[in-house]
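Tertiary structure, described
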Amino acid sequence: MMMSARVGITPTLKRAVFSSKHARNVALRSAVVRRGIQTESLPPSASEAILNHQRLKRPSSPHFTIYQPQLTWISSIANRVTGGALSTLLYGFSLAYLFAPGTFDSTHIIELISGLPEYVKYAGKLILAAPFAFHSINGLRHLAWDMGKVLSLKSAYRAGYAVLGATAVSTIALVLM
């Protein structure tokens, strides 16, 4: 008796365990909590309609539109976007060269670019150089963060402005090459 109190067996379960089969069934039925609701099966279209109706009533979070833009999160988003764009460009060109090596070899690309007007060449260089320079230099800032450097708010902003300045200088240098 004392052991059942320590283990936490309730009186209803004690009766079920230590009594006859008929009394055990009655005791267990009274110990089980019954649900007061009934469920019904719905087709997928109806359940989707209910879910969409519930979503319409749900308040939407204002997320970052209510916050003042900060250099740290803008540069983080820009780093992800430039990385994705550069990766897409690299994989796209690699796949194009893989599937049509005669069309995308270096001689055909040089012929194509040499026939373009100068302003198109400079615009193309700018479009390629700016994300490359920013992603590379901001990557160095992230490596510094990984080493535990420039983690204070003041030094993070100083490093952010240094990244923007170095990006501008290196972009101009790359475009004028």
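The text that follows walks through the structure, step by step, so that each part is easy to find. (Residues numbered from 1 in each chain as written. Predicted model: local features only at pLDDT ≥ 70, side-chain atom pairs only at ≥ 80, totals over all residues. Heavy atoms only, no water.)

For the protein, the helix and strand inventory stands at eight helices and zero strands. For the protein, the succession of helices and strands along the chain, N to C, is α-α-α-α-α-α-α-α. Scored against the burial criterion, the 177 residues of the protein give a buried share of 14%. Put simply, of all contacts in the protein between residues at least 6 apart along the chain, 62% involve residues at least 24 apart. Of the roughly 14,200 Å² of accessible surface on the protein, 68% is carried by carbon and sulfur atoms. (Helix = DSSP H or I, 4+ residues; strand = E, 2+ residues; numbered from the N terminus. Buried < 20%, exposed > 50% of the residue type's maximum accessible area, 1.4 Å probe, protein only. Contact = heavy atoms within 4.5 Å. Areas by Shrake-Rupley, 256 points an atom, 1.4 Å probe, with all protein chains shown as cover.)

What follows deals with the packing of aromatic side chains. In total, this model carries two aromatic pairs according to the counting rule given. Judged by centre distance (6.2 Å) and plane angle (90 degrees), the ring pair of F93 and F104 falls under edge-to-face. Taken together, the positions of F93 in helix 5 (residues 71-99) and F104 in the loop between helix 5 and helix 6 (106-114) put the pair eleven residues apart, joining distant regions of the chain. A residue is classified by how much of its surface remains accessible, and F93, at 40% relative accessible area, is partly exposed. Assessed through its relative accessible area of 32%, F104 is described here as partly exposed. Relative to Y161, the ring of Y157 lies with its centre 6.3 Å away and its plane at 45 degrees, an arrangement referred to as tilted. Of this pair, Y157 and Y161 are both found in helix 8 (residues 153-175), four residues apart, which corresponds to roughly one turn of the helix. Judged by its relative accessible area of 52%, Y161 falls in the exposed class. (Phe/Tyr/Trp six-rings, centres within 6.5 Å; stacked < 30°, edge-to-face > 60°.)

So, on to unusual backbone geometry. Trans is the prevailing form of peptide bonds, just as negative phi is the prevailing case for residues other than glycine. The backbone of V150 sits at a positive phi, close to 45 degrees, despite the residue not being glycine. Examined against the element boundaries, V150 turns out to sit in the loop between helix 7 (118-146) and helix 8.

For the rest of this paragraph, the subject is the packing of helix 7 against helix 8. Packing of helix 7 against helix 8 leaves a shortest axis separation of 8 Å and a crossing angle of 150 degrees. With respect to their mutual orientation, helix 7 and helix 8 come out roughly antiparallel. As helix 7 runs across helix 8, the sense of the crossing is right-handed. Of the residues in helix 8, those touching helix 7 at Y122, K125, L126, A129, A130, F132, A133, F134, I137, N138, R141 and W145 are A156, A159, G160, V163, L164, A166, T167, S170, T171, L174 and V175. (Axes fitted to C-alpha atoms, helices over the stretch in contact; angles between N-to-C directions. Parallel < 35°, antiparallel > 145°, perpendicular 65-115°, else oblique. Left-handed = near helix turned anticlockwise from the far one by under 90°.)

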